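# Chain and residue survey
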Amino acid sequence: MSDLSSRTVLITGATSGIGLETARQLAERGATVLLHGRTAEEARSAADRLAATSDVPATRTYTYGADFSRLDEVDTLAALVVAEHPHLDVLVNNAGMAAPERHTVTADGNEIAFQVNFLAHYLLTCLLEPALTSTPGGRVVNVSSSLHRTASIQWADPHRARRYSRLAAYAQSQLALTVFAADPRVAAVSVHPGVCDTALLPLYGHEGVFPAEGAAHVVRLCDPAVEIVNGAYYDRAERVDPAPAATEHRTVRRLNRLADLLVDRTA
């Protein structure tokens, strides 16, 4: 395992589960870790837990709060990160939620799982592009799911207002996140970290491994010693082919146009 003391990594959804364990493992290897939580208080609490339960000094962690169900908070988060860390080596797009039982729309007008799991990460990645590309080697690691293989993007009804299923909504968000890794603007990969014992476990319907085991697969892809190919997809440590749609240039372009429209951003 290489030393990561020169690396700065932002992890979304770093207050529990795979995100928190990813933060722990990266910081223990020397990285400067930016922990994102839904609120600043939750992020600070996570940093305090890391300091209390490991050899991670407080000087190695920074905390940020942003509710991904509000895109204006994503804008604010990105501006703050770029101001305080103009060079960013890795962005780990990990924050995620299970789609609710009932169809739910955010204040921005988007189906909530599609926004929290994909659109917020799309916007954040675009806004952090200057920091990620300030020097060669910046990369994005999207924490996706094998369930992306069961999905289709409903182009005419991405918010699934006409026909809602929580599993289909979640799977669509994971397919979109996986497709987004093939965007050429910043080198990116996607990884299914395995079925882990986190808040998302009920979607998979069986037992999961400890979050630390899944986090190890994410951390590996943050290591500059591990070469990546833009758009690659990993099932834990093994590079495999994603769903066919995830590598179609037409789908990537179409998704970018849709996402730009939904986050009110000019491409």
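Let me sum up the structure you'll find in this document. In this convention, every chain numbers its residues from 1, walking through the sequence in written order. The predicted origin of the model limits local features to residues at a pLDDT of at least 70 and limits the giving and counting of side-chain atom pairs to 80 or more, whereas totals for whole chains, interfaces and linings rest on all residues. By convention in this description, side-chain values take in all heavy atoms of the structure and omit both hydrogens and water.

## Focus on the overall build of the chain
Counted only if it meets this: Strands are runs of DSSP state E lasting at least two residues, helices are runs of H or I lasting at least four, and both sets are numbered from the N terminus onward. For this measure, only C-alpha atoms enter the radius of gyration; the expected value for a globule follows 2.2 Å times N^0.38, where N is the number of residues. Each residue gets one of three labels from its accessible area relative to the maximum for its type: buried under 20%, exposed over 50%, partly exposed in between, using a 1.4 Å probe on protein chains only. For every accessible area listed, the method is Shrake-Rupley and the probe measures 1.4 Å; residues are considered covered only by the protein chains on display. Here the positive residues are Lys and Arg and the negative ones are Asp and Glu; neither His nor the chain ends is included. Note that the charge is assigned to NZ on lysines, CZ on arginines, CG on aspartates and CD on glutamates.
Counting its secondary structure elements, the chain contains seven helices and eight strands. Relative to the 2.2 N^0.38 estimate, which gives 18 Å for 267 residues, the radius of gyration of the chain is 17 Å and therefore close to what a compact globule would have. Each principal axis of the C-alpha distribution contributes one length, and for the chain these read about 50 × 40 × 35 Å. Considering the chain as a whole, with its 267 residues, one finds that 54% of them fall into the buried category. Surface summary for the chain: the accessible area is close to 11,600 Å², and the carbon and sulfur share equals 51%. Computed over 24 positive and 30 negative side-chain charges, the inter-centroid distance for the chain is 6 Å.

## A word on the packing of helix α5 (residues 166-180) against helix α7 (residues 249-262)
In plain terms, the rule: For every element, the axis is a line fit to its C-alpha atoms; helices are fit only across the contacting stretch, and the angle between N-to-C directions ranges from 0 to 180 degrees. Roughly parallel covers angles under 35 degrees, roughly antiparallel covers those over 145, roughly perpendicular covers 65 to 115, and oblique covers all other angles. Definitions for this section: a left-handed crossing has its near helix turned counterclockwise from the far helix by less than a right angle. A right-handed crossing has that turn clockwise. Contacts between residues were defined by any pair of non-hydrogen atoms, one from each residue, lying within 4.5 Å. Under the convention adopted here, Pro, Cys and the residues Ala, Val, Leu, Ile, Met, Phe, Trp and Tyr are nonpolar, Asp, Glu, Lys and Arg are charged, and Gly plus all remaining residues are polar.
Interaxial distance between α5 and α7 falls to 9 Å at its minimum, and their mutual angle equals 110°. By the criterion of interaxial angle, the relationship of α5 to α7 is roughly perpendicular. In this structure, α5 crosses over α7, and the sense of that crossing is left-handed. In contact with Ala176, Val179 and Phe180 of α5, α7 contributes Thr251, Val252, Leu255 and Asn256. When the residues that make up the contact of α5 with α7 are grouped by side-chain class, the tally is five nonpolar, two polar and no charged.

## Observations regarding the environment of Ala215
Within the secondary structure layout, Ala215 lies in helix α6 (residues 211-222). Assessed through its relative accessible area of 0%, Ala215 is described here as buried. C-alpha separation for the pair Ala215 and Arg24, spaced 191 residues apart in sequence, amounts to 9.2 Å.

## Digging into the pattern of salt bridges
This is how the line gets drawn: Salt bridges are defined by distance alone: a side-chain nitrogen of Lys or Arg within 4 Å of a carboxyl oxygen of Asp or Glu.
If you walk through the whole model with that rule in mind, you get 10 salt bridges. Among the ionic pairs, Asp89 bridges to Arg7, the shortest N-O distance being 3.5 Å. Linking Asp89 in the loop between α3 (71-84) and β4 (90-93) with Arg7 in the segment before β1 (8-11), this pair joins segments that are 82 residues apart in sequence. Note that Glu21 is salt-bridged to Arg24, the shortest N-O span being 3.3 Å. Placement of the pair is Glu21 and Arg24 together in helix α1 (residues 17-28), with a separation of three residues, close to one helical turn. The burial state of Glu21 is the same as that of Arg24; both residues are buried. Taken together, the shared-partner salt bridges in this structure form one network comprising Arg70, Asp72 and Glu73.

## Comments concerning the packing of α3 against helix α4 (residues 112-132)
Direction vectors running N to C along α3 and α4 enclose 30°, while the axes themselves pass 9 Å from each other. Between α3 and α4, the crossing angle belongs to the class labelled roughly parallel. Crossing angle aside, the handedness with which α3 passes α4 is right-handed. Listed contacts from α4 to Leu71, Val74, Asp75, Leu77, Ala78, Val81 and Val82 of α3 are Gln115, Ala120, Leu123, Leu124, Leu127, Leu128 and Ala131. The residue inventory of the contact of α3 with α4, partitioned by class, reads 12 nonpolar, one polar and one charged.

## Some thoughts on the sheet that holds strand β6 (residues 188-192)
To be explicit about the condition: Whether two strands pair comes down to DSSP finding at least two bridges between them.
Pairing is mixed across the open sheet formed by eight strands, whose spatial order is β3-β2-β1-β4-β5-β6-β7-β8. Sheet topology places β3 (61-65) and β8 (238-240) at the edges, where each strand pairs with a single neighbour. Sheet twist, expressed as the mean angle between neighbouring strand axes with direction ignored, is 25°. Relative to β8, strand β7 (residues 233-235) runs antiparallel, the two sharing three bridges. Note that in β8 the partner of Tyr234 across the bridge is Arg239.

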